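An overview of the molecular structure
Read off the chains here:
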Amino acid sequence: MMPENESAMQTIVFLDRGTIAPSIVIRKPGFEHRWTDYTQTSADAVIERLKDATIAVVNKVPLRTEALDRLPKLRMIVVAATGTDNIDVEACRSRGILVSNIRQYASHTVPEHAFALILALRRSLIGFREDVKAGEWQRANQFCFFTHPISDLHGSTLGVIGEGVIGQSVAAIGKAFGMEVLYAAHKGNPNMGPLYTPFEEVLARSDVITLHCPLTPATRNIISHAEFDRMDRKPLIINTARGGLIDEAALADALVAGKIAGAGIDVCSGEPPAPDSPLMRLLDRPNFILTPHIAWAGVQAMQTLADQLIDNIEAFERGDPRNVVA
């Protein structure tokens, strides 16, 4: 969709430029425009900062119906990410506001981070590192010591929840390690064909369960108390997708109770998490790793994202929009 006045200069506002590393170059669009960056934007500043904008660029700042109603000049929202759960997409569609997102930029960086977590937990690297710092090696008085479990990936089972590009890339790495890979059928839909394993069976058979699906009403808290109770093999839980996919209180309970072997989490339901959140209470455990939503943030991936972001804006300006969500 083209703006109402094709000859009007676009006013572009990036509400949370600070979510992209400062070393990443965001080239300016190749047409006349005004561009304003803000490092971050609170909810009560959104309307003031976007009041003259025709194009809004956001990563995680929410844009809901209440704000959209007060932004009559807005014609496009460019999400600097793949997920659009922070945008009221239906409200944009009804108001003629085009929404675009970034696609397939993280197909290497997120799987690599997921496997960094898997390997660190499977071989207890965090626990051994802390023990070495505490002098356990010297006290052992021999060439090695065994204070934590160590397990190979070869021959184990990897359960992948989310069969998109990233999920498939994770599965490929798992196969390279000699793992059996199970793609989970969508929860409640066991008849998806021979490539998929029923959701409950994946929970029961997997040694590692890794999440790579979008956050929707159907996937929110897709893993909670009942699901942890089905995990017969006490798997590792890895989440580099969206925080709301896992019930965090249930995860904490499962880890403390020994229902799972460990957890590697890169995303939280609230970011940053509150100091008293269930995940923050797990930080001293050697079988728990929390990273600050950086699985996507390899330098190469971020530059690809930045380039695609501008490509989306330029495509909109010339009347041939791409990566359209709404």
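Use the structure listed above.
Just so we're clear, the structure is a prediction, and the values are computed from it rather than from any experiment.

**Quick notes on the environment of D37**
Residue placement: D37 occurs in strand β2 (residues 33-37). A residue is classified by how much of its surface remains accessible, and D37, at 37% relative accessible area, is partly exposed. Sequence separation between D37 and S94 is 57 residues, and the spatial gap between their C-alpha atoms is 27 Å. Those residues in contact with D37 that lie beyond four places of it in its chain are F14 and R17. Among the polar contacts listed, one links the side chain of D37 to the side chain of W35, at a separation of 2.7 Å.

**Remarks on the sheet that holds strand β3 (residues 55-58)**
Here we have five strands laid out as an open sheet, ordered β2-β1-β3-β4-β5, and parallel in their pairing. Two strands bound the open sheet, and with one partner strand each, they are β2 and β5 (98-100). Mean inter-strand twist for the sheet, computed between neighbouring axes without regard to direction, equals 15°. By the bridge criterion, four bridges tie β3 to strand β4 (residues 76-79) in an arrangement that is parallel. Considered in β4, the bridge of A56 is made with I77. Sheet strands in contact with helix α11 (residues 299-317) are β1 (10-14), β2, β3, β4 and β5, and its direction is about 160° off that of β4.

The rules we used
Residues numbered from 1 in each chain as written. Predicted model: local features only at pLDDT ≥ 70, side-chain atom pairs only at ≥ 80, totals over all residues. Heavy atoms only, no water. Helix = DSSP H or I, 4+ residues; strand = E, 2+ residues; numbered from the N terminus. Buried < 20%, exposed > 50% of the residue type's maximum accessible area, 1.4 Å probe, protein only. Contact = heavy atoms within 4.5 Å. Polar contact = N/O pair within 3.5 Å; in protein donor to acceptor, adjacent residues only side chain to side chain. Pairing = 2+ DSSP bridges. Axes fitted to C-alpha atoms, helices over the stretch in contact; angles between N-to-C directions.

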